[in-house]
Amino acid sequence: MGALIAAQEIKDVKEELPALDTVKVWSVQGQNTLMLNQAAFSNWVGGGANNVGWLAGANYNITYEKDKVLWENIIILGFGQNNTKGIGTRKTQDVVNISTNFGKGFAEHWYFSGGASLQTQFASGYEDGNNPAAAKISSFMAPGYINLGAGITYRPNDDLTVTLRPTNARWTFVLDPDLQYAGTYGLKNDGDSCLFQFGFLGSAIYKLKVMENVNLVSTGSVFSNYLDHPTRLVLSYNGVLSMKINKYISANITLDLLYDHNQIQKTQLKQTLGIGFAYTIEKGKKRSDKKDNRSWRSN
């Protein structure tokens, strides 16, 4: 009888113990993609040229959340080519976008923050549809953009992040000697390799679940240079619509809009559609997803 009572007491104590918080401070969300396309023609009256293309990409969001600390890192890499008979190989996608943002909470969902970002491309680009025989207009770190600034970040949940930096330094690098002449990407003099700007940078990321297995991620930013023509805003938008077919197959539609007076005084547009292999990684549950957790308030 005594052993039975003791066992019952131990069971009662275990039931009274609070459940351990298994929320991890690190979370990783990422997608690796490989899109392929191909077309072949033989005696086809409608005409057409044999072609084959590919596009590879990696998109990662690595976040650290603990107490009042938020540290979010985003890595976006992509490159693609298409080879058409009679025309040759052309670049269809080329992006390097890496950013980091570190914040310290001062109120619910609000952080004092500072961060940096890098944007450039891997390979050279040319006029006339990236024709290597045409004039070169870009290459690695030509242009390359580095931003470094401080401000505040609003992050009510994992689906929305808004960062406002009233103090932001922006460097435009043109490290290719063939492109270092006055007027190119805002360079002041022939032979210059860098343009410095200082101003306001605002950015936002919004994630929307359109329906089951269909997600839209929108990213936008605006920059105003205090030092020269502050009304000439640099505006950019990137939208990625992902449609998951099964564990390894998905379709992606991307849309990029950009206006930068120093590049070209017109709105730039790029759109891609791809179907292929995609491997998604999701490890760790973000603390912000745990709605009843308010440990960020602790000292």
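Everything numeric in this text was worked out from a predicted model, so none of it was measured.

1. Section: the overall build of the protein
Okay, so step 1: Within the protein one finds 2 helices and 14 strands.
Okay, so step 2: Out of the 299 residues in the protein, the part that is buried amounts to 33%.
Okay, so step 3: A sequence separation of at least 24 residues applies to 55% of the contacts in the protein between residues at least 6 apart.
Okay, so step 4: As displayed, the protein has an accessible area near 17,600 Å², and 61% of this comes from carbon and sulfur atoms.

2. Overview of the pattern of salt bridges
Okay, so step 1: Summed over the entire model, instances satisfying the criterion amount to 9 salt bridges.
Okay, so step 2: For Asp176, the salt bridge goes to Lys136, with nearest N and O atoms at 2.8 Å. Of this pair, Asp176 sits in the loop between β9 (160-173) and β10 (194-211) while Lys136 sits in strand β7 (residues 136-138), placing them 40 residues apart in sequence.
Okay, so step 3: Among the residues examined, Lys136 registers a relative accessible area of 26% and is labelled partly exposed.

3. Observations regarding unusual backbone geometry
Okay, so step 1: Residue Pro143 is bonded to the preceding Ala142 through a cis peptide linkage, with omega at 5°.
Okay, so step 2: Summarising the element assignment, Pro143 is placed in the loop between β7 and β8 (144-157).
Okay, so step 3: The phi torsion at His109 lies on the positive side, around 75°, for a residue other than glycine.
Okay, so step 4: Despite not being glycine, Asn213 shows a phi value in the positive range, around 70°.
Okay, so step 5: A relative accessible area of 36% places Asn213 in the partly exposed class.

4. Considerations on the packing of aromatic side chains
Okay, so step 1: Taken as a whole and judged by the stated rule, the model has 9 aromatic pairs.
Okay, so step 2: By the ring-pair criterion, three or more aromatic residues cluster together here, those being Trp26, Tyr64 and Trp71.
Okay, so step 3: Directly above the aromatic system of Phe223 lies the positively charged group of Arg170, at a separation of 5.2 Å from the ring centroid.

5. Quick word on the pairing of β9
For a regular strand, side-chain orientation follows a simple rule: the groups alternate between the two sheet faces.
Okay, so step 1: The pairing of β8 with β9 spans 11 bridges and is antiparallel. The residue of β9 that forms the bridge with Ile152 is Leu164.
Okay, so step 2: Two successive antiparallel strands, β8 and β9, enclose a turn made up of 2 residues.
Okay, so step 3: Direction of pairing for β9 relative to β10: antiparallel, over a ladder of 12 bridges. Paired with Thr163 across the two strands is Ser203, which belongs to β10.

6. Quick word on the sheet that holds strand β5 (residues 110-120)
Okay, so step 1: With antiparallel pairing, 12 strands are arranged side by side around a closed barrel as β1-β2-β3-β4-β5-β8-β9-β10-β11-β12-β13-β14. Strand-to-strand, the axes of this sheet are offset by a mean angle of 20°, without reference to chain direction.

7. Concerning the nonpolar core
Okay, so step 1: Counting 7 residues, the largest nonpolar core is built from Ala142, Tyr145, Val174, Leu179, Tyr185, Leu187 and Leu195.
Okay, so step 2: Excluding its chain neighbours within four sequence positions, the residues that come into contact with Leu195 are Arg170, Trp171, Thr172, Tyr185, Gly186, Leu187, Lys188 and Asn262.

8. Describing the side chain of Gln180
Okay, so step 1: Along the polypeptide, Gln180 turns up in the loop between β9 and β10.
Okay, so step 2: Beyond its immediate chain neighbours, meaning those up to four positions away, Gln180 contacts Val174, Leu175, Leu187, Asp190, Gly191, Asp192 and Ser193.

9. Overview of a nonpolar patch on the surface
Okay, so step 1: There is a patch of nonpolar side chains on the surface, built from Leu34, Leu36, Trp54 and Phe277 and spanning about 380 Å² of accessible area.
Okay, so step 2: Within the secondary structure, Trp54 sits in strand β2 (residues 51-66).

10. A few points about the pairing of strand β14 (residues 264-283)
Okay, so step 1: Examined bridge by bridge, strand β1 (residues 26-39) and β14 share 8 bridges and lie antiparallel to one another. What sits directly across from Leu34, in β14, is Phe277.
Okay, so step 2: Sheet topology places strand β13 (residues 249-260) next to β14; 11 bridges connect them, and they run antiparallel. Among the inter-strand pairings, Ile249 is bridged to a residue of β14, identified as Phe277.

11. What about the side chain of Thr161?
Okay, so step 1: Position of Thr161 among the secondary structure elements: in strand β9.
Okay, so step 2: Excluding residues within four positions of it along the chain, Thr161 makes contact with Glu72, Thr153, Tyr154, Arg155, Ser203, Ala204 and Ile205.

12. Let's talk about the confidence of the model for the protein
Okay, so step 1: Residues with a pLDDT of 70 or more make up 87% of the protein, whose mean pLDDT is 87.
Okay, so step 2: For residues 1-22, every residue scores under 50 in pLDDT, and the model assigns this stretch 3 contacts once sequence neighbours within four places are set aside.
Okay, so step 3: Contacts from residues 286-299, a stretch scored under 50 in pLDDT, to residues over four places away or in other chains number 37 contacts.

Rules and cut-offs
- All residue numbers here refer to positions counted from 1 along the written sequence of the relevant chain.
- The predicted nature of this model means local features are confined to residues of pLDDT at least 70 and side-chain atom pairs, given and counted, to a pLDDT of 80 or more, with totals for whole chains, interfaces and linings taken over all residues.
- As a rule here, side-chain values cover all heavy atoms of the structure and leave hydrogens and water aside.
- Strands are runs of DSSP state E lasting at least two residues, helices are runs of H or I lasting at least four, and both sets are numbered from the N terminus onward.
- Throughout this description, buried means an accessible area under 20% of the type-specific maximum (1.4 Å probe, protein chains only), exposed means over 50%, and partly exposed covers the range between.
- Working rule for contacts: check all heavy atoms of both residues, and any pair within 4.5 Å makes them a contact.
- To measure how exposed things are, a 1.4 Å probe is used in the Shrake-Rupley method; for residues, cover is taken only from the protein chains shown.
- By definition here, a salt bridge exists when the distance from a side-chain nitrogen of Lys or Arg to a carboxyl oxygen of Asp or Glu is within 4 Å.
- Classification of ring pairs uses Phe, Tyr and Trp, with its six-membered ring standing for Trp, and accepts pairs whose centres are within 6.5 Å; under 30 degrees between planes counts as stacked, over 60 as edge-to-face, and the remaining range as tilted.
- A positively charged side chain is recorded as over a ring if its NZ (Lys) or CZ (Arg) lies within 6 Å of the ring centre. The angle to the ring normal must also be within 35 degrees.
- If DSSP finds at least two bridges between two strands, the strands pair.
- A fitted line through C-alpha atoms serves as each axis, taken over the contacting stretch for helices, and the angle formed by two N-to-C directions is quoted from 0 to 180°.
- Nonpolar core, defined: a set of buried Ala, Val, Leu, Ile, Met, Phe, Trp, Tyr and Cys residues in which side-chain atoms within 4.5 Å join the residues together.
- Patches here: salt-bridge-free residues with over 30% relative accessible area, like charges joined within 9 Å, nonpolar side chains (Val, Leu, Ile, Met, Phe, Trp, Tyr) joined within 5 Å.
- pLDDT is a per-residue confidence score from the predictor, ranging from 0 to 100.

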